[in-house]
Amino acid sequence: WAGSSFWVRKGEIAKVEDLKGKIIGVNARGSTIDAAARTMLMKHGMVDSKDYQIVEIRFPAQLAALKSKRVDLAILLRQWESEAKKDSTIMPLFSMGDALGPSETITWVGKADFVAKNRAALVDFVEDNIRARRWAASKEGHEQAVKIAAEVTKRPVAQMEYAFTHEDNFYEPNATVNVARLQKNIDDLVKIKLLDASIDAKKVVDLSIAKDAAARVGPMTN
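The rules behind these values
- The written sequence of each chain sets the order in which its residues are numbered from 1.
- pLDDT decides what is reported in this predicted model: residues at 70 or higher carry local features, side-chain atom pairs at 80 or more are listed and counted, and totals for whole chains, interfaces and linings draw on all residues regardless.
- With hydrogens and water excluded, all non-hydrogen atoms of the structure serve as input to the side-chain values.
- Numbering of helices and strands starts at the N terminus; helices are DSSP runs of H or I of at least 4 residues and strands are runs of E of at least 2.
- Each residue gets one of three labels from its accessible area relative to the maximum for its type: buried under 20%, exposed over 50%, partly exposed in between, using a 1.4 Å probe on protein chains only.
- Any two strands between which DSSP finds at least two bridges are classified as paired.
- Angles shown run from 0 to 180 degrees and are taken between the N-to-C directions of axes, each axis being a line fitted to C-alpha atoms and, for helices, limited to the stretch in contact.
- Each reported salt bridge corresponds to a side-chain nitrogen of Lys or Arg within 4 Å of a carboxyl oxygen of Asp or Glu.
- Take the number of residues in a helix, subtract one, and multiply by 1.5 Å to get its expected span.
- Note that the term roughly parallel is reserved for angles under 35 degrees, roughly antiparallel for angles over 145, roughly perpendicular for angles of 65 to 115, and oblique for everything else.
- Definitions for this section: a left-handed crossing has its near helix turned counterclockwise from the far helix by less than a right angle. A right-handed crossing has that turn clockwise.
- Between two residues, a contact is recorded if the distance between any of their heavy atoms is within 4.5 Å.
- Think of it as three bins: nonpolar holds Ala, Val, Leu, Ile, Met, Phe, Trp, Tyr, Cys and Pro, charged holds Asp, Glu, Lys and Arg, and polar takes everything else, Gly as well.
- Centre distance within 6.5 Å is the pairing criterion for rings of Phe, Tyr and Trp, where only the six-membered ring of Trp is used; planes under 30 degrees apart are then read as stacked, over 60 as edge-to-face, and the remainder as tilted.
- Nonpolar core, defined: a set of buried Ala, Val, Leu, Ile, Met, Phe, Trp, Tyr and Cys residues in which side-chain atoms within 4.5 Å join the residues together.
- For this analysis, a polar contact is any N or O atom pair within 3.5 Å, provided that within protein one partner can donate a hydrogen and the other can accept it, and provided that sequence-adjacent residues contribute only side-chain to side-chain pairs.

Draft legend 1. Structural view of unusual backbone geometry. Phi angles above zero are rare outside glycine, and S49 is one such case at about 75°. Relative to the helices and strands, S49 resides in the loop between α1 (32-43) and β3 (53-56). Residues other than glycine seldom take positive phi values, yet F164 does so here, at roughly 65°. The topology assignment puts F164 in the loop between α7 (142-153) and α8 (179-191). Note on F164: relative accessible area 26%, which makes it partly exposed.

What follows is the structure in structure tokens.
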């Protein structure tokens, strides 16, 4: 699953190299999206503040900013991509997956003493989350899950039907973390200087909570 995509105006940008001297829209500096944009441009010989300018724009305003030429590259999450696809003047240039490969950068974190003190409650919480993510992706629960997502995000249901499908970000059924993938993501952030130094992911990831929670839920049935 490639993740969300970066979009441009047709006729102005045809390839990544065309972004030299342009304005890049991200949701926030230091975010995974910022990292994806910088990584892709770095692969094509460009560096932040020298060859292009980054500006922070809220997700809901990215599409409008692209159309109004406030930015030349905009990140569109899935719920806005469905609207963008109806506009023949814009197109996707590359995806998050193209830039970073498989990403494991959205995780739950907590201080060790908090986790130790509240471990039982955390196992309960992750158990509930596993049940919810499996239900949302199931044939029985998907339609209702989409309606809830549309209500919470205040988007039309038709724009949220991608949620919890192969068109969405991947939700690991047992809520576990791919440690090797996370390590690569951390090392990549060091390369583009979003992080000053790497860490050993194996030493800071505790998979036991998710494993205990998944054991309660049992194997997937569909």
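Draft legend 2. Highlighting the sheet that holds strand β4 (residues 74-76). With antiparallel pairing, three strands are arranged side by side in an open sheet as β4-β1-β5. Here the strands that pair on one side only, and so sit at the sheet edges, are β4 and β5 (90-95). Neighbour to neighbour, the strand axes of the sheet diverge by 45° on average, direction disregarded. Sheet analysis places strand β1 (residues 5-9) next to β5, joined by five bridges and oriented antiparallel.

Draft legend 3. Inspection of the pattern of salt bridges at higher detail. By the definition in use, this model includes 17 salt bridges. Measuring nitrogen to oxygen at the nearest pair gives 3.5 Å for the salt bridge that ties E12 to K69. Separated by 57 residues along the polypeptide, E12 in the loop between β1 and β2 (23-26) and K69 in the loop between α2 (62-67) and β4 bring together distant segments of the chain. K69 sits in the exposed class, given a relative accessible area of 55%. A salt bridge links D212 to R119; the nearest nitrogen and oxygen atoms lie 2.8 Å apart. Remark: R119 occurs in helix α6 (residues 119-137) and D212 occurs in helix α10 (residues 208-217); sequence separation between them is 93 residues. Three or more residues are tied together by salt bridges with common partners; here these are R9, E12, K69 and D72.

Draft legend 4. How the structure looks around α1. End to end, α1 covers 16 Å across twelve residues, agreeing with the expected 16 Å (1.5 Å per residue, within 8%). The buried fraction of α1 is high, at nine of twelve residues. Residues I33, D34, A35, A36, A37, R38, T39, M40 and L41 constitute the buried set of α1. Downstream of α1 by one or two residues, G45 has phi in the positive range, about 80°.

Draft legend 5. The arrangement of the packing of α6 against α10 in detail. Packing of α6 against α10 leaves a shortest axis separation of 8 Å and a crossing angle of 55°. Looking at the two axes, α6 sits oblique to α10. Here the hand of the crossing between α6 and α10 comes out right-handed. Here α6 contributes R119, L122, V123, D124, V126, E127, I130, R131 and R134 to the contact with α10, which in turn contributes S208, I209, A210, D212, A213, A214, R216 and V217. The class makeup of the residues in the contact of α6 with α10 is nine nonpolar, one polar and seven charged.

Draft legend 6. Focus on the packing of aromatic side chains. The final tally for this structure, using the stated rule, is three aromatic pairs. Relative to Y171, the ring of F164 has its centre 6.0 Å away and its plane inclined at 45°; by these criteria the two rings are tilted.

Draft legend 7. Spotlight on the nonpolar core. The biggest cluster of nonpolar side chains holds 24 residues, and the ones touching the most others in it are F6, V16, L19, I24, L73, L93 and F94. Elements with a minimum of two residues in this core: β1, β2, α1, β5 and α4 (96-100). Considering each element in turn, this core owes the most residues, five residues, to α1. Setting aside anything within four residues of it in sequence, one finds F94 in contact with S5, F6, V16, L19, A36, M40, L73 and A99. Residues I57, A65, A74 and A84 belong to the second largest nonpolar core, which totals eleven residues.

Draft legend 8. Layout of the side chain of Q62. Secondary-structure assignment places Q62 in helix α2. A polar side-chain atom of Q62 sits 3.4 Å from the main-chain carbonyl oxygen of V26. A polar side-chain atom of Q62 sits 3.1 Å from the main-chain carbonyl oxygen of I57. Not counting the four nearest positions on each side in its chain, Q62 is found in contact with G25, V26, N27, I57, A74, I75 and L76.

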